[in-house]
Amino acid sequence: MGPLFSWSFPASRFTISVLRPTVKTMKNITVSLEDAIYRRVRMIAAERDTSVSALVRRFLVELGSEESETERLKRKEHLLRESITRFRASDRLSRDDIHGRRG
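Because the structure is a prediction, the values reported are computed rather than measured.

(A) Quick look at the overall build of the protein. Along its length, the protein carries 4 helices and 2 strands. In sequence order, the secondary structure elements of the protein are arranged as β-β-α-α-α-α. Counting the 103 residues in the protein, one finds 4% classified as buried. Partitioning the contacts of the protein with sequence separation of at least 6, the portion at a separation of at least 24 is 5%. Element-wise, carbon and sulfur atoms account for 54% of the exposed surface of the protein, whose accessible area totals about 10500 Å².

Printed below as a string of structure tokens:
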């Protein structure tokens, strides 16, 4: 998205731009905890000079940023395929060689 307003001053080679604000939508969630756990988490949040919501948000952002097992396997497969530089069908082993048979 481009600037909302832009003024150019050619003599001074200087431009002023007023950018559109970026709006991020946030989702609210409800979490149920035992009272003792909630009190303990509130104390931890206070010790860290933050809120329970901020602690939960940080945890969920880190969790959502991690590479999933599927993504990890796809990345490894891609790297493996890139490392195979020479392959010819004629390089296949014979059936006897595969089964260790000596003729």
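(B) Summary view of the pattern of salt bridges. On inspection of all chains with the given rule, the structure shows 3 salt bridges. Among the ionic pairs, Arg72 bridges to Glu69, the shortest N-O distance being 2.7 Å. Of this pair, Arg72 and Glu69 are both found in helix α3 (residues 69–83), 3 residues apart, which corresponds to roughly one turn of the helix. The exposure class of Arg72 is partly exposed, given its relative accessible area of 27%. By relative accessible area, which is 47% here, Glu69 ends up partly exposed. In this structure, the salt-bridge partner of Glu77 is Arg81, at a minimum N-O distance of 2.9 Å. Placement of the pair is Glu77 and Arg81 together in helix α3, with a separation of 4 residues, close to one helical turn.

(C) Molecular detail of the environment of Ser51. Mapped onto the secondary structure, Ser51 falls in the loop between α1 (35–47) and α2 (52–65). When the C-alpha positions of Ser51 and Val41 are compared, they lie 9.1 Å apart, and in sequence the two are 10 residues distant.

(D) Structural detail: α2. Across its 14 residues, α2 extends 20 Å between first and last C-alpha, which sits within 8% of the 20 Å expected from 1.5 Å per residue. What α2 keeps buried is the set Val52, Ala54 and Leu55.

(E) Just a nonpolar patch on the surface, in detail. Together, Ile29, Val31, Leu33, Ile37, Tyr38, Val56, Phe59, Leu60 and Leu63 make up a nonpolar patch on the protein surface, roughly 820 Å² of accessible area in all. For the nonpolar patch, the secondary-structure elements that each account for two or more residues are α1 and α2. The element best represented in the nonpolar patch is α2, accounting for 4 residues. Along the chain, the position of Leu33 falls in the loop between β2 (14–18) and α1.

Rules behind the numbers
Residues numbered from 1 in each chain as written. Predicted model: local features only at pLDDT ≥ 70, side-chain atom pairs only at ≥ 80, totals over all residues. Heavy atoms only, no water. Helix = DSSP H or I, 4+ residues; strand = E, 2+ residues; numbered from the N terminus. Buried < 20%, exposed > 50% of the residue type's maximum accessible area, 1.4 Å probe, protein only. Contact = heavy atoms within 4.5 Å. Areas by Shrake-Rupley, 256 points an atom, 1.4 Å probe, with all protein chains shown as cover. Salt bridge = Lys/Arg side-chain N within 4 Å of Asp/Glu carboxyl O. Expected span 1.5 Å × (residues − 1). Patch = residues over 30% accessible without salt bridge, like charges linked within 9 Å, V, L, I, M, F, W, Y side chains within 5 Å.

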